[in-house]
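Fold and geometry: a report
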Amino acid sequence: MGKEKAAVEEYSISHSNLHWIVLSTSALTLILALVTVPMHSWMNDSGTVEINTPELQGKQVEWELSYGLRESISHFGEEVELTEYECNYSDKECTGIKNAGLVAITLIIIGSLTCLASIILTFVRTIKGKGNKAQNRTALIGGVLILLAPLLWFILLPGVFPPIEGMHLGLAFYTALVAGLLGTVGGIFVEAYDKSEASA
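The residue numbers shown here count from 1 along each chain, following its written sequence. Per-residue local features are limited, in this predicted model, to residues with pLDDT of at least 70; the limit for side-chain atom pairs, both in listing and counting, is 80 or more; totals at the level of whole chains, interfaces and linings are taken over all residues. Calculation of side-chain values draws on the structure's entire complement of heavy atoms; hydrogens and water are dropped beforehand.

Digging into the overall build of the protein chain
The test is simple: Comment: elements are numbered from the N terminus, with helices defined as DSSP H or I runs of at least four residues and strands as E runs of at least two. Three labels apply to residues, based on accessible area from a 1.4 Å probe with only protein chains included: buried if under 20% of the type maximum, exposed if over 50%, partly exposed otherwise in between. Here, residues are in contact when the closest pair of their heavy atoms is within 4.5 Å.
Looking only at helices and strands, one finds four helices and five strands in the protein chain. In the protein chain, the succession of helices and strands from N to C terminus is α-β-β-β-β-α-α-β-α. Counting over 200 residues, the protein chain shows a buried share of 40%. Taking the intrachain contacts of the protein chain between residues at least 6 apart in sequence as the baseline, contacts between residues at least 24 apart amount to 65%.

A word on the nonpolar core
Grouped burial of nonpolar side chains is what soluble globular proteins tend to show. Note the cut-off: For the purposes of this section, nonpolar cores are sets of buried Ala, Val, Leu, Ile, Met, Phe, Trp, Tyr and Cys residues that join through side-chain atoms within 4.5 Å.
Among the nonpolar cores identified, the biggest contains 32 residues, and Trp42, Leu69, Ile108 and Trp153 are the most heavily contacted of them. When residues of this core are traced back to their parent elements, those giving at least two are helix H1 (2-36), helix H2 (92-128), helix H3 (134-156) and helix H4 (171-199). Looking at this core element by element, the count peaks at nine residues for H2. Dropping the residues within four chain positions of it, Leu69 is found in contact with Val37, Met39, Trp42, Tyr85, Gly101, Ala104, Ile105, Ile108 and Trp153.

Observations regarding H3
What counts here: Take the residue count of a helix, subtract one, and multiply by 1.5 Å to get its expected span. One fitted axis covers the seven residues ending at a residue, a second covers the seven starting there, and the bend at that residue is the angle between these axes.
The terminal C-alpha atoms of H3, which comprises 23 residues, lie 32 Å apart, in line with the 33 Å expected from a rise of 1.5 Å per residue. If you look at H3, its biggest bend is around 25°, right at Ala149, and the proline Pro150 turns up within four residues after that.

Some points on the pairing of strand E3 (residues 71-76)
Using the following cut-off: Strands qualify as paired when DSSP identifies two bridges or more between them.
One ladder, built from six bridges, connects E3 with strand E4 (residues 79-84); its direction is antiparallel. Residue pairing in the sheet places Ser74 in a bridge with Glu81 of E4. Linking E3 back to E4 in an antiparallel pair, the connection comprises two residues, with Gly77 at a positive phi of about 65°.

A word on the environment of Pro150
Tracing the backbone shows Pro150 in helix H3. For Pro150, a relative accessible area of 0% puts it in the buried group. When the C-alpha positions of Pro150 and Gly101 are compared, they lie 9.2 Å apart, and in sequence the two are 49 residues distant.

Right under this line is the structure:
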């Protein structure tokens, strides 16, 4: 009787820890993914150019071009210009970048909502002390969707590797990638642990 009680207590402690893993990975995945949506550092390039005008003869001016999911931002010296992706159908590069951004935003939003559902389900299961394993699966699904966002965005960009000549993948891309990996690995770990406990 004492051994059974100890086993039950150990099981409940391990699953309590499991809930915290689901909560922490889902919350971090959700936050990191949403932060990348308004960022203009998905892809960028920079350099210097020499200005040959009577006023600025030979002056070196720094420039930087950064792409976000919905718009790009360019810095030329002290001038800053924000450009939304309002494209003509004939402009294949612009429409390609715009469509890639829309796909990524859609996946991030759906993945984030799925992670939020996982957090809510985990709280409900923790409070009630029972329930199904839906929060584990939703955590995994949310992570996979968010992981697909930067990968599909990159694949759908016009051109070949690198997607646009001279451009480099930026902080937002890698942040979204880390968010997706975190959610996916966390979901796989928890799902595998639950299955091993059920078969034990």
